[in-house]
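Each chain, letter by letter, is given below.
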Amino acid sequence: MLTHLLQKLNHKPPTITTILLRHKTTSSEYVSSRNRDPTFEKLMDKYKNLFKVISIQDLILGTTTTTNAVSIDFLNRLSQRLHLNRGATHFLRKYPHIFHIFHHPTKLQPYSTLTQTALNITHQEAAAINADLQVVVDRLVRLLSMSLTKELPLRAIFKVFRELGLPDDFEDSVILKRSDLFAVLDSGNEPNTHVLKLVGDVEKGELVAAVDDWRVMECCKEDCGVDRNEILYSFKHSYPPGMKLRRNFKAKVKEWQRLKYVGPYEAVEIREKRKKSKIGMMEMEKRAVGIVHEFLSLTVEKMVEVEKISHFRKWFGIDLNIRDLFLDHPGIFYLSTKGYRHTVFLREAYERGCLIEPNPVYEARRKLLDLVILGRRGLSRGHSEPTGVSQGEDGGIEEVKTDSDED
(Lines give C-alpha, C1' and ligand atoms only; values in the text may rest on other atoms or scores of the structure.)
Protein backbone atom coordinates (compact mmCIF):
# COMPACT_ATOMS: atom_id res chain seq x y z
CA MET A 1 0.00 0.00 0.00
CA LEU A 2 2.82 2.42 0.93
CA THR A 3 4.64 1.62 -2.32
CA HIS A 4 1.46 2.35 -4.30
CA LEU A 5 1.08 5.79 -2.63
CA LEU A 6 4.71 6.73 -3.30
CA GLN A 7 4.29 5.89 -6.99
CA LYS A 8 1.27 8.21 -7.17
CA LEU A 9 3.13 11.05 -5.45
CA ASN A 10 6.18 10.69 -7.71
CA HIS A 11 4.05 10.69 -10.84
CA LYS A 12 3.67 14.36 -11.93
CA PRO A 13 1.32 15.21 -14.83
CA PRO A 14 2.50 17.71 -17.48
CA THR A 15 2.06 21.30 -16.33
CA ILE A 16 1.16 24.45 -18.27
CA THR A 17 4.76 25.66 -17.94
CA THR A 18 6.02 22.62 -19.85
CA ILE A 19 3.58 23.32 -22.68
CA LEU A 20 4.58 27.01 -22.89
CA LEU A 21 8.22 26.06 -23.34
CA ARG A 22 7.32 24.46 -26.65
CA HIS A 23 6.01 27.74 -28.06
CA LYS A 24 7.91 28.70 -31.22
CA THR A 25 8.99 32.29 -31.80
CA THR A 26 7.42 33.85 -34.89
CA SER A 27 9.49 35.72 -37.48
CA SER A 28 8.28 39.16 -36.33
CA GLU A 29 8.93 38.32 -32.67
CA TYR A 30 12.42 37.11 -33.58
CA VAL A 31 13.21 40.41 -35.31
CA SER A 32 11.75 42.58 -32.53
CA SER A 33 13.67 40.69 -29.84
CA ARG A 34 17.08 41.52 -31.35
CA ASN A 35 19.55 43.67 -29.44
CA ARG A 36 19.36 47.20 -30.80
CA ASP A 37 22.40 49.38 -31.38
CA PRO A 38 21.61 53.10 -30.81
CA THR A 39 24.36 54.24 -33.20
CA PHE A 40 22.99 52.30 -36.17
CA GLU A 41 19.39 53.17 -35.27
CA LYS A 42 20.21 56.91 -35.29
CA LEU A 43 21.99 56.49 -38.61
CA MET A 44 18.94 54.75 -40.11
CA ASP A 45 16.70 57.58 -38.86
CA LYS A 46 18.68 59.82 -41.21
CA TYR A 47 18.91 57.29 -44.03
CA LYS A 48 15.16 56.57 -44.19
CA ASN A 49 14.54 60.14 -45.40
CA LEU A 50 17.62 60.00 -47.64
CA PHE A 51 16.14 56.97 -49.44
CA LYS A 52 12.99 58.99 -50.20
CA VAL A 53 15.09 61.92 -51.43
CA ILE A 54 17.06 59.62 -53.74
CA SER A 55 13.84 58.14 -55.17
CA ILE A 56 12.53 61.60 -56.08
CA GLN A 57 15.96 62.68 -57.33
CA ASP A 58 16.06 59.70 -59.70
CA LEU A 59 12.63 60.63 -61.06
CA ILE A 60 13.78 64.21 -61.70
CA LEU A 61 17.06 63.17 -63.34
CA GLY A 62 15.22 60.54 -65.42
CA THR A 63 12.98 63.09 -67.17
CA THR A 64 13.61 63.79 -70.84
CA THR A 65 12.91 67.53 -70.55
CA THR A 66 15.77 70.01 -70.76
CA THR A 67 14.91 71.48 -67.35
CA ASN A 68 14.98 68.07 -65.57
CA ALA A 69 11.82 68.80 -63.63
CA VAL A 70 8.71 66.84 -62.65
CA SER A 71 5.27 68.12 -61.78
CA ILE A 72 4.15 68.16 -58.15
CA ASP A 73 0.88 66.54 -59.26
CA PHE A 74 2.85 63.56 -60.65
CA LEU A 75 4.77 63.17 -57.39
CA ASN A 76 1.55 63.42 -55.36
CA ARG A 77 0.13 60.49 -57.33
CA LEU A 78 3.22 58.48 -56.28
CA SER A 79 3.07 59.57 -52.63
CA GLN A 80 1.91 56.22 -51.33
CA ARG A 81 4.57 54.30 -53.26
CA LEU A 82 7.28 56.73 -52.14
CA HIS A 83 6.01 56.63 -48.52
CA LEU A 84 5.36 60.38 -48.46
CA ASN A 85 2.72 60.31 -45.75
CA ARG A 86 1.84 64.02 -45.90
CA GLY A 87 2.15 64.39 -49.66
CA ALA A 88 4.93 65.37 -52.04
CA THR A 89 4.65 69.14 -51.51
CA HIS A 90 5.18 68.90 -47.75
CA PHE A 91 8.16 66.58 -48.20
CA LEU A 92 9.86 68.73 -50.88
CA ARG A 93 9.53 71.86 -48.73
CA LYS A 94 11.36 70.09 -45.90
CA TYR A 95 14.54 69.99 -48.02
CA PRO A 96 14.94 73.35 -49.83
CA HIS A 97 18.70 72.76 -50.15
CA ILE A 98 17.91 69.77 -52.40
CA PHE A 99 14.60 70.55 -54.16
CA HIS A 100 13.44 73.79 -55.78
CA ILE A 101 9.71 74.29 -56.37
CA PHE A 102 8.68 76.71 -59.13
CA HIS A 103 5.61 77.54 -61.20
CA HIS A 104 6.00 76.30 -64.78
CA PRO A 105 5.49 79.23 -67.19
CA THR A 106 3.76 77.24 -69.95
CA LYS A 107 2.09 74.31 -68.16
CA LEU A 108 0.81 76.61 -65.42
CA GLN A 109 1.32 74.22 -62.54
CA PRO A 110 3.96 73.73 -59.84
CA TYR A 111 7.06 71.74 -60.76
CA SER A 112 10.12 70.61 -58.83
CA THR A 113 13.75 70.38 -59.84
CA LEU A 114 17.08 69.88 -58.08
CA THR A 115 19.04 72.80 -56.69
CA GLN A 116 22.49 73.51 -58.07
CA THR A 117 24.05 72.18 -54.86
CA ALA A 118 22.24 68.85 -55.20
CA LEU A 119 23.20 68.64 -58.89
CA ASN A 120 26.85 69.25 -58.03
CA ILE A 121 26.78 66.36 -55.55
CA THR A 122 25.20 64.11 -58.20
CA HIS A 123 27.93 65.03 -60.68
CA GLN A 124 30.61 64.47 -58.05
CA GLU A 125 29.27 60.97 -57.35
CA ALA A 126 29.18 60.10 -61.07
CA ALA A 127 32.69 61.44 -61.55
CA ALA A 128 33.98 59.38 -58.61
CA ILE A 129 32.46 56.21 -60.12
CA ASN A 130 33.81 56.86 -63.62
CA ALA A 131 37.24 57.92 -62.36
CA ASP A 132 38.23 54.33 -61.65
CA LEU A 133 36.12 51.84 -63.62
CA GLN A 134 38.65 49.11 -62.82
CA VAL A 135 37.23 49.05 -59.28
CA VAL A 136 33.77 48.49 -60.78
CA VAL A 137 35.09 45.66 -62.96
CA ASP A 138 36.77 44.06 -59.95
CA ARG A 139 33.51 44.17 -57.95
CA LEU A 140 31.57 42.48 -60.75
CA VAL A 141 34.26 39.80 -61.16
CA ARG A 142 34.18 39.07 -57.44
CA LEU A 143 30.39 39.00 -57.34
CA LEU A 144 30.21 36.52 -60.22
CA SER A 145 33.04 34.43 -58.76
CA MET A 146 30.95 33.77 -55.65
CA SER A 147 28.18 32.23 -57.77
CA LEU A 148 28.16 28.45 -58.06
CA THR A 149 27.83 28.70 -61.86
CA LYS A 150 29.73 32.01 -62.32
CA GLU A 151 26.40 33.45 -63.46
CA LEU A 152 23.95 35.94 -61.95
CA PRO A 153 20.60 37.28 -63.20
CA LEU A 154 21.00 40.74 -64.66
CA ARG A 155 17.84 41.97 -62.93
CA ALA A 156 19.35 41.12 -59.53
CA ILE A 157 22.47 43.15 -60.34
CA PHE A 158 20.26 46.08 -61.42
CA LYS A 159 18.67 46.03 -57.95
CA VAL A 160 22.03 46.57 -56.24
CA PHE A 161 23.87 48.64 -58.88
CA ARG A 162 23.78 51.72 -56.62
CA GLU A 163 25.04 49.74 -53.60
CA LEU A 164 27.91 48.35 -55.70
CA GLY A 165 28.78 51.79 -57.07
CA LEU A 166 28.12 50.82 -60.71
CA PRO A 167 27.57 53.52 -63.35
CA ASP A 168 24.00 54.11 -64.53
CA ASP A 169 25.00 52.75 -67.96
CA PHE A 170 27.14 49.88 -66.64
CA GLU A 171 25.79 47.55 -69.36
CA ASP A 172 27.47 49.68 -72.02
CA SER A 173 30.36 51.28 -70.15
CA VAL A 174 31.52 48.15 -68.30
CA ILE A 175 30.02 44.88 -69.57
CA LEU A 176 30.19 45.52 -73.32
CA LYS A 177 33.65 47.10 -73.10
CA ARG A 178 35.01 44.13 -71.18
CA SER A 179 33.74 41.32 -73.39
CA ASP A 180 36.87 39.39 -72.45
CA LEU A 181 35.44 39.01 -68.93
CA PHE A 182 31.66 39.30 -69.18
CA ALA A 183 28.91 37.98 -71.43
CA VAL A 184 25.15 38.55 -71.32
CA LEU A 185 23.23 35.36 -72.11
CA ASP A 186 19.59 34.36 -72.36
CA SER A 187 18.31 32.39 -69.42
CA GLY A 188 17.12 28.94 -70.45
CA ASN A 189 14.83 28.59 -67.43
CA GLU A 190 12.96 31.91 -67.59
CA PRO A 191 11.79 33.70 -70.77
CA ASN A 192 12.83 37.32 -71.35
CA THR A 193 15.47 36.99 -68.64
CA HIS A 194 19.19 37.56 -69.07
CA VAL A 195 22.11 36.40 -66.99
CA LEU A 196 25.57 37.89 -66.69
CA LYS A 197 28.30 35.27 -66.98
CA LEU A 198 31.98 35.44 -66.08
CA VAL A 199 33.74 34.11 -69.18
CA GLY A 200 37.26 35.33 -68.48
CA ASP A 201 39.84 33.36 -66.53
CA VAL A 202 40.61 34.75 -63.10
CA GLU A 203 43.51 33.38 -61.11
CA LYS A 204 42.50 31.98 -57.77
CA GLY A 205 45.22 33.92 -55.94
CA GLU A 206 43.82 37.25 -57.18
CA LEU A 207 40.56 36.84 -55.25
CA VAL A 208 41.18 37.29 -51.55
CA ALA A 209 38.19 37.78 -49.26
CA ALA A 210 38.05 40.86 -47.02
CA VAL A 211 37.93 38.68 -43.91
CA ASP A 212 41.18 36.99 -44.97
CA ASP A 213 42.87 40.39 -45.19
CA TRP A 214 41.66 41.12 -41.65
CA ARG A 215 43.09 37.82 -40.37
CA VAL A 216 46.47 38.61 -41.91
CA MET A 217 46.45 42.08 -40.34
CA GLU A 218 45.61 40.61 -36.93
CA CYS A 219 48.39 38.04 -37.15
CA CYS A 220 50.93 40.69 -38.21
CA LYS A 221 50.28 42.90 -35.19
CA GLU A 222 53.20 43.07 -32.79
CA ASP A 223 50.93 42.75 -29.76
CA CYS A 224 48.92 39.89 -31.26
CA GLY A 225 47.80 37.87 -28.26
CA VAL A 226 45.58 35.38 -30.09
CA ASP A 227 46.54 31.92 -31.25
CA ARG A 228 47.21 32.11 -34.97
CA ASN A 229 45.69 28.67 -35.49
CA GLU A 230 42.57 29.85 -33.68
CA ILE A 231 42.13 32.96 -35.84
CA LEU A 232 42.53 30.95 -39.06
CA TYR A 233 38.75 30.69 -39.57
CA SER A 234 37.58 33.57 -37.35
CA PHE A 235 35.47 36.64 -38.09
CA LYS A 236 35.74 39.98 -36.31
CA HIS A 237 33.02 40.40 -33.67
CA SER A 238 31.71 43.53 -31.92
CA TYR A 239 28.38 43.40 -30.11
CA PRO A 240 25.71 46.07 -29.51
CA PRO A 241 26.23 48.00 -26.26
CA GLY A 242 24.36 46.46 -23.36
CA MET A 243 24.06 43.03 -24.95
CA LYS A 244 24.49 40.34 -22.29
CA LEU A 245 26.96 37.69 -23.39
CA ARG A 246 26.18 34.57 -21.40
CA ARG A 247 28.80 31.90 -20.80
CA ASN A 248 27.12 29.30 -23.03
CA PHE A 249 26.77 31.91 -25.82
CA LYS A 250 30.49 32.74 -25.63
CA ALA A 251 31.33 29.04 -25.74
CA LYS A 252 29.19 28.53 -28.85
CA VAL A 253 30.77 31.53 -30.59
CA LYS A 254 34.26 30.26 -29.75
CA GLU A 255 33.39 26.84 -31.16
CA TRP A 256 31.88 28.44 -34.27
CA GLN A 257 35.00 30.59 -34.80
CA ARG A 258 37.21 27.49 -34.93
CA LEU A 259 34.94 25.70 -37.40
CA LYS A 260 36.44 25.15 -40.85
CA TYR A 261 34.43 26.32 -43.84
CA VAL A 262 34.64 26.84 -47.59
CA GLY A 263 35.51 30.44 -48.51
CA PRO A 264 33.33 32.61 -50.79
CA TYR A 265 35.64 32.19 -53.81
CA GLU A 266 36.35 28.48 -53.36
CA ALA A 267 34.52 25.81 -55.33
CA VAL A 268 31.96 23.92 -53.25
CA GLU A 269 29.89 20.82 -53.87
CA ILE A 270 26.68 20.71 -51.86
CA ARG A 271 25.56 17.17 -51.12
CA GLU A 272 22.21 16.23 -49.62
CA LYS A 273 23.78 13.83 -47.10
CA ARG A 274 26.15 16.55 -45.95
CA LYS A 275 23.27 18.97 -45.45
CA LYS A 276 21.49 16.61 -43.04
CA SER A 277 24.37 16.20 -40.58
CA LYS A 278 24.87 18.72 -37.75
CA ILE A 279 28.48 19.54 -38.67
CA GLY A 280 27.46 19.85 -42.32
CA MET A 281 24.72 22.36 -41.45
CA MET A 282 27.16 24.40 -39.33
CA GLU A 283 29.70 24.49 -42.17
CA MET A 284 26.99 25.58 -44.63
CA GLU A 285 25.93 28.34 -42.26
CA LYS A 286 29.50 29.58 -41.85
CA ARG A 287 30.01 29.51 -45.61
CA ALA A 288 26.82 31.61 -45.98
CA VAL A 289 28.16 34.09 -43.40
CA GLY A 290 31.42 34.30 -45.37
CA ILE A 291 29.57 35.00 -48.64
CA VAL A 292 27.31 37.68 -47.17
CA HIS A 293 30.27 39.24 -45.35
CA GLU A 294 32.14 39.49 -48.66
CA PHE A 295 29.02 40.81 -50.45
CA LEU A 296 28.70 43.64 -47.92
CA SER A 297 32.44 44.33 -48.18
CA LEU A 298 31.99 44.91 -51.94
CA THR A 299 29.29 47.57 -51.43
CA VAL A 300 30.12 51.27 -51.30
CA GLU A 301 28.50 51.91 -47.91
CA LYS A 302 28.89 48.40 -46.43
CA MET A 303 25.13 48.09 -46.17
CA VAL A 304 22.33 46.64 -48.28
CA GLU A 305 18.61 45.98 -48.09
CA VAL A 306 17.87 42.39 -47.07
CA GLU A 307 15.29 41.92 -49.83
CA LYS A 308 17.86 42.84 -52.48
CA ILE A 309 20.51 40.41 -51.28
CA SER A 310 17.88 37.64 -51.11
CA HIS A 311 17.76 37.65 -54.93
CA PHE A 312 21.27 36.15 -54.95
CA ARG A 313 20.57 33.41 -52.38
CA LYS A 314 20.10 30.40 -54.66
CA TRP A 315 22.88 31.53 -57.04
CA PHE A 316 25.31 31.59 -54.12
CA GLY A 317 24.06 28.21 -52.92
CA ILE A 318 22.69 29.59 -49.64
CA ASP A 319 19.97 27.27 -48.38
CA LEU A 320 19.18 29.37 -45.30
CA ASN A 321 16.94 32.29 -44.40
CA ILE A 322 19.10 35.37 -45.00
CA ARG A 323 17.39 37.52 -42.38
CA ASP A 324 17.72 34.84 -39.70
CA LEU A 325 21.40 34.56 -40.61
CA PHE A 326 21.91 38.22 -39.71
CA LEU A 327 20.00 37.87 -36.44
CA ASP A 328 21.96 34.76 -35.44
CA HIS A 329 25.28 36.61 -35.81
CA PRO A 330 24.82 40.02 -34.10
CA GLY A 331 28.58 40.37 -33.60
CA ILE A 332 29.17 40.49 -37.38
CA PHE A 333 26.00 42.08 -38.79
CA TYR A 334 23.44 44.60 -37.59
CA LEU A 335 19.86 44.45 -38.86
CA SER A 336 17.72 47.60 -38.80
CA THR A 337 13.99 47.70 -39.57
CA LYS A 338 13.55 51.46 -39.92
CA GLY A 339 12.23 53.15 -43.04
CA TYR A 340 9.82 50.48 -44.38
CA ARG A 341 12.72 48.13 -45.05
CA HIS A 342 15.14 45.71 -43.42
CA THR A 343 18.70 46.94 -43.88
CA VAL A 344 21.83 45.05 -42.83
CA PHE A 345 25.14 46.71 -41.93
CA LEU A 346 28.61 45.22 -41.68
CA ARG A 347 29.42 46.11 -38.08
CA GLU A 348 33.22 46.10 -38.39
CA ALA A 349 33.13 48.69 -41.21
CA TYR A 350 31.53 51.40 -39.03
CA GLU A 351 32.62 53.52 -36.11
CA ARG A 352 30.33 56.16 -34.57
CA GLY A 353 27.95 56.01 -37.52
CA CYS A 354 30.59 56.57 -40.23
CA LEU A 355 32.69 54.31 -42.42
CA ILE A 356 36.15 53.68 -40.98
CA GLU A 357 37.65 53.57 -44.49
CA PRO A 358 35.59 55.95 -46.67
CA ASN A 359 35.79 56.01 -50.46
CA PRO A 360 35.13 58.86 -52.94
CA VAL A 361 31.62 57.62 -53.84
CA TYR A 362 30.66 57.31 -50.17
CA GLU A 363 31.98 60.81 -49.47
CA ALA A 364 29.80 62.27 -52.25
CA ARG A 365 26.73 60.46 -50.95
CA ARG A 366 27.49 61.61 -47.43
CA LYS A 367 27.23 65.22 -48.62
CA LEU A 368 23.69 64.55 -49.80
CA LEU A 369 22.94 63.04 -46.39
CA ASP A 370 24.33 66.23 -44.81
CA LEU A 371 21.79 68.25 -46.82
CA VAL A 372 19.00 65.96 -45.61
CA ILE A 373 20.12 66.49 -42.01
CA LEU A 374 20.37 70.25 -42.64
CA GLY A 375 16.66 70.34 -43.51
CA ARG A 376 15.32 73.90 -43.63
CA ARG A 377 18.18 75.44 -41.68
CA GLY A 378 20.09 78.15 -43.53
CA LEU A 379 17.01 79.89 -44.97
CA SER A 380 17.04 83.64 -45.36
CA ARG A 381 14.65 85.41 -43.02
CA GLY A 382 11.20 85.73 -44.52
CA HIS A 383 11.98 83.47 -47.49
CA SER A 384 11.29 79.80 -48.13
CA GLU A 385 14.38 79.23 -50.24
CA PRO A 386 17.91 78.51 -48.94
CA THR A 387 20.39 81.33 -48.61
CA GLY A 388 22.93 79.12 -50.35
CA VAL A 389 25.12 76.17 -49.59
CA SER A 390 28.71 75.64 -50.66
CA GLN A 391 31.39 73.05 -50.18
CA GLY A 392 33.97 73.79 -47.49
CA GLU A 393 37.68 73.15 -47.65
CA ASP A 394 37.29 69.97 -45.62
CA GLY A 395 34.74 68.55 -48.07
CA GLY A 396 31.78 69.23 -45.76
CA ILE A 397 28.72 71.41 -46.31
CA GLU A 398 28.88 75.07 -45.35
CA GLU A 399 26.00 77.54 -45.14
CA VAL A 400 26.51 80.76 -47.10
CA LYS A 401 24.34 83.53 -45.67
CA THR A 402 23.86 85.76 -48.70
CA ASP A 403 20.55 87.13 -49.92
CA SER A 404 21.73 87.40 -53.52
CA ASP A 405 21.34 83.66 -54.07
CA GLU A 406 17.53 83.61 -53.76
CA ASP A 407 15.75 81.55 -56.40
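Scroll up to find the structure this text is about.
Summarised in this report is the structure supplied together with it. Because the structure is a prediction, the values reported are computed rather than measured. (Residues numbered from 1 in each chain as written. Predicted model: local features only at pLDDT ≥ 70, side-chain atom pairs only at ≥ 80, totals over all residues. Heavy atoms only, no water.)

With respect to the sheet that holds strand E8 (residues 333-336)
Hydrogen bonds along the backbone pair up the strands of a sheet, which may run parallel or antiparallel.
Here is step 1: Spatially, 3 strands are ordered E7-E9-E8 in an open sheet, and the strand pairing comes out antiparallel. Whereas interior strands pair on both sides, the edge strands pair on one side only; in this sheet they are strand E7 (303-305) and E8. Looking at each pair of strands side by side, their axes are set apart by 20 degrees on average, direction ignored.
Here is step 2: Across the sheet, helix H15 (residues 278-298) lies against E7, E8 and strand E9 (343-346), angled at about 85 degrees from E9, the strand it touches most. (Pairing = 2+ DSSP bridges. Helix = DSSP H or I, 4+ residues; strand = E, 2+ residues; numbered from the N terminus. Axes fitted to C-alpha atoms, helices over the stretch in contact; angles between N-to-C directions. Contact = heavy atoms within 4.5 Å.)

Here we look at the packing of aromatic side chains
Here is step 1: Under the defined criterion, the tally for this structure stands at 17 aromatic pairs.
Here is step 2: An angle of 55 degrees between the planes, with centres 5.0 Å apart, marks the rings of Phe158 and Phe170 as tilted. Of this pair, Phe158 sits in helix H10 (residues 154-159) while Phe170 sits in helix H11 (residues 170-176), and the two are 12 residues apart along the sequence.
Here is step 3: A relative accessible area of 0% means that Phe170 is categorised as buried.
Here is step 4: Here the aromatic cluster, defined as three or more aromatic residues joined through ring pairs, consists of Phe40, Tyr334, Phe345 and Tyr350.
Here is step 5: We note Arg215 situated over the ring of Phe235; from NZ or CZ to the ring centre the distance is 5.2 Å.
Here is step 6: Positioned above the aromatic ring of Trp256 is the side chain of Lys286, whose terminal nitrogen or guanidinium carbon lies 4.7 Å from the ring centre. (Phe/Tyr/Trp six-rings, centres within 6.5 Å; stacked < 30°, edge-to-face > 60°. Buried < 20%, exposed > 50% of the residue type's maximum accessible area, 1.4 Å probe, protein only. Lys NZ or Arg CZ within 6 Å of the ring centre and 35° of its normal.)

Topic: the side chain of Arg365
Here is step 1: Along the chain, the position of Arg365 falls in helix H18 (residues 360-374).
Here is step 2: When its relative accessible area of 9% is taken as the criterion, Arg365 is described as buried.
Here is step 3: Not counting the four nearest positions on each side in its chain, Arg365 is found in contact with Glu125, Arg162, Gly165, Val300 and Glu301.

What to know about the nonpolar core
Here is step 1: In terms of nonpolar packing, the biggest core is built from 97 residues, with Ile98, Phe99 and Phe182 touching the most fellow members.
Here is step 2: Broken down by element, this core gets its largest block of residues, 10 residues, from helix H4 (residues 38-61). (Core = buried A, V, L, I, M, F, W, Y, C linked by side-chain atoms within 4.5 Å.)

A few points about unusual backbone geometry
Here is step 1: One non-glycine residue, His83, adopts positive backbone phi at about 60 degrees.
Here is step 2: According to the relative accessible area criterion, His83 is partly exposed, its value standing at 30%.
Here is step 3: In this structure, Lys302 is a non-glycine residue whose phi angle is positive, near 55 degrees.
Here is step 4: Position of Lys302 relative to the elements: it lies in the loop between H15 and E7.

Description of the packing of H4 against H18
Here is step 1: Running from N to C, H4 and H18 point in directions that differ by 100 degrees, and their axes come no closer than 9 Å. Viewed along their axes, H4 and H18 adopt a mutual orientation that is roughly perpendicular. Contacts between H4 and H18 involve Leu43, Lys46, Tyr47, Asn49, Leu50, Val53, Ile54 and Gln57 on the former and, on the latter, Tyr362, Arg366, Leu368, Leu369, Val372 and Ile373. (Parallel < 35°, antiparallel > 145°, perpendicular 65-115°, else oblique.)

Observations concerning the sheet that holds strand E3 (residues 110-114)
Here is step 1: Spatial strand order, E1-E3-E2: 3 strands in an open sheet with antiparallel pairing. Every interior strand has two partners, whereas the edge strands, strand E1 (69-71) and strand E2 (99-103), have only one. Ignoring which end each strand starts from, the neighbouring axes of this sheet average 30 degrees apart.
Here is step 2: Of the pairings in the sheet, the one linking E1 to E3 comprises 3 bridges and is antiparallel in character. Along E3, the bridge assignment pairs Ala69 with Thr113.
Here is step 3: H4 contacts E1, E2 and E3 of the sheet and is inclined by roughly 100 degrees relative to E3.

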